[in-house]
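Chain by chain, the residues run as shown.
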Amino acid sequence: MPSCPRALAALLALAGTLLWPPAPAQAAGKPPAPRASQAASAAPAQGSQRSAGRPKARQAARDKTGAKARPPAPLPPLRDGQAEERLLQVLELTRKGQSREALAQAERLVRDYPHFQLAQLALGDMLAARTRPVQQPGDVPAPLGAQAGATLQELRTELHRRVQARGNPPQRGSIPAQFLELAPRYRHAIAVDAERSRLYLFENTAQGLRLVADYYASVGKLGIEKAVEGDQRTPLGVYFITSRLDPATLRDFYGAGALPLNYPNPLDQVRGKTGSGIWLHGTPPDQFSRAPQATDGCVALANPDFERLLRTVEPRTTPVVIARALDWVAPHSMQAERKAFDAVLDGWRHAKSAADMQRLMAYYAPDFQGQRKASLAQWATTLHAEAHALQGRSVELKDLAILRWSDSLDTMVVTFGEVAAGARTGPIKRQFWARRGKHWQIIYEGVIG
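1. Regarding the packing of aromatic side chains
Consideration 1: A complete count under the given rule lists 15 aromatic pairs for this structure.
Consideration 2: Judged by centre distance (5.8 Å) and plane angle (65°), the rings of Phe 179 and Phe 202 are edge-to-face. Linking Phe 179 in strand β4 (residues 179-182) with Phe 202 in strand β6 (residues 198-205), this pair joins segments that are 23 residues apart in sequence.
Consideration 3: Residue class for Phe 179 comes out buried when judged on its relative accessible area of 3%.
Consideration 4: Here Phe 202 falls in the buried class, since its relative accessible area comes to 0%.
Consideration 5: Look at Tyr 363 and Trp 433: their rings are 6.2 Å apart centre to centre, the planes differ by 75°, and that puts the pair in the edge-to-face class. One end of the pair, Tyr 363, is in the loop between α11 (357-361) and β16 (364-370); the other, Trp 433, is in strand β19 (residues 428-436), and 70 residues separate them in sequence.
Consideration 6: We classify Trp 433 as buried; its relative accessible area is 0%.

Next up, the structure:
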């Protein structure tokens, strides 16, 4: 095949700039941030390989004949992130002028993932570059370009965002500013950056949150900031995965499965937002990935990537932050803020432990709305009964999680087990605190378990 480095390098040009910038210099002794494909082999799936209908205990299960039942078939190895990794490798080889190897790898990628449209686009441009210069991804004659219309532009945007994620990863060790505090029971956390079309998966380790994988993701057709039912927008805020849906129970449209979120959360409800059925889910069998804005409000990932989430994360204890753009910070930079809010929360705990109703009620906002839309006066009755039931015992907060959300209102989403001293268990509660001037006040409180 004749070499044409200049023409092939044009494959990387988008809006007049190179899509593949030089790799940023790494600090001495610091390896680059983990890629999804590397994380797949480095971090084993935890606790979620049992799906509906599978045996729960191998050793005790027996069929009607008395013979031991067969153990469940092992799950196939994860392939998350591999398709994107291979596509970016093709682009890197192209940038270096290694056109023969780039073409061979592109052909293998298309064969392995025949519905990966970006791989088809790259292969088509490489073949076209053998006979003419290629000026941009999907460089086809004008009549064909007009016929492709929005689809071609969506593919260019998808390519740009995938390459942008590789060329400008989060600083190693940084985390989204929303993750203020997570108890060890919260084994994973997820953050979505809508502007970058990127989902980040974290593992909660003894040393803090660790980024283990990141994936291209699609959001709503009409963008973000969901407000009403059917507006085809993805909500912004702090949410939790509520359950894990087996793909066998879903239409093929959802691909590998689905993880529903608790939208609308209490803050959404206070603001009058409506709608339901916001999920993380996969893609249809005939579509490897979707355009950056293609869903009815959900967050969609390629099936190989979503399978990693489905096997890994835990319902009820996996927070999902969906933001317009994530603010990445060093964990130690949040220590002062975390201690300041911990002091406020401790003051609330002491007031309740002492059954000091006057001091306790000062922590609740005048516009407070409790579970089942209870008014502040109604909730005061509930609090008085709870404080009386303590009989002088102090309240302890177990498995504390604090997540911050800031838009027009600065809020804290606080989840904990409320356990009386000497007791083993207690109700799991969730509070939403809002900053009012220099003070934090509770605008919602309810029992979730």
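The rest of the description comes next.
2. Details of the sheet that holds β16
Consideration 1: The strand order across the open sheet built from 6 strands is β4-β17-β18-β19-β20-β16, with neighbouring strands paired in mixed fashion. Either end of the sheet is taken by a strand with one partner, and the two such strands are β4 and β16. Across the sheet, the mean angle from the axis of one strand to that of its neighbour is 20°, orientation sign disregarded.
Consideration 2: Here β4 pairs with strand β17 (residues 395-406) via 3 bridges, running antiparallel. Residue Glu 181 lies in a different strand from β17, and its bridge partner there is Ile 402.
Consideration 3: Across the sheet, helix α10 (residues 335-353) is in contact with β4, β16, β17, β18 (410-420), β19 and β20 (439-447); its angle to β17 comes to roughly 135°.
Consideration 4: Helix α12 (residues 376-390) contacts β16, β17, β18, β19 and β20 of the sheet and is inclined by roughly 85° relative to β16.

3. Here's the deal with the environment of Ser 197
Consideration 1: Looking at where Ser 197 falls in the secondary structure, it is placed in the loop between β5 (188-193) and β6.
Consideration 2: Classification of Ser 197 as buried rests on a relative accessible area of 1%.
Consideration 3: Residues Ser 197 and Ala 300, spaced 103 residues apart in sequence, show a C-alpha to C-alpha distance of 9.9 Å.
Consideration 4: Among residues more than four places away in sequence, those in contact with Ser 197 are Arg 161, Tyr 215, Tyr 216, Ala 217 and Pro 292.

4. Structural notes on the nonpolar core
Consideration 1: Counting 80 residues, the largest nonpolar core has Ile 190, Leu 280, Leu 309, Tyr 364 and Trp 433 as its most contacted members.
Consideration 2: Setting aside anything within four residues of it in sequence, one finds Leu 280 in contact with Ile 190, Ile 241, Gly 257, Ala 258, Leu 259, Leu 261, Val 299, Phe 306, Leu 309 and Val 320.
Consideration 3: In this structure, Leu 88, Tyr 113, Phe 116 and Leu 159 belong to the second largest nonpolar core, which totals 25 residues.

5. Considerations on the side chain of Arg 349
Consideration 1: Looking at the secondary structure, you find Arg 349 in helix α10.
Consideration 2: By relative accessible area, Arg 349 is classed as buried at 17%.
Consideration 3: In terms of polar contacts, Arg 349 uses its side chain to reach the side chain of Asp 346, at 2.9 Å.

What counts and what doesn't
Residues numbered from 1 in each chain as written. Predicted model: local features only at pLDDT ≥ 70, side-chain atom pairs only at ≥ 80, totals over all residues. Heavy atoms only, no water. Phe/Tyr/Trp six-rings, centres within 6.5 Å; stacked < 30°, edge-to-face > 60°. Helix = DSSP H or I, 4+ residues; strand = E, 2+ residues; numbered from the N terminus. Buried < 20%, exposed > 50% of the residue type's maximum accessible area, 1.4 Å probe, protein only. Pairing = 2+ DSSP bridges. Axes fitted to C-alpha atoms, helices over the stretch in contact; angles between N-to-C directions. Contact = heavy atoms within 4.5 Å. Core = buried A, V, L, I, M, F, W, Y, C linked by side-chain atoms within 4.5 Å. Polar contact = N/O pair within 3.5 Å; in protein donor to acceptor, adjacent residues only side chain to side chain.

Such coordinate-based values are descriptive only and should not be taken to indicate function.
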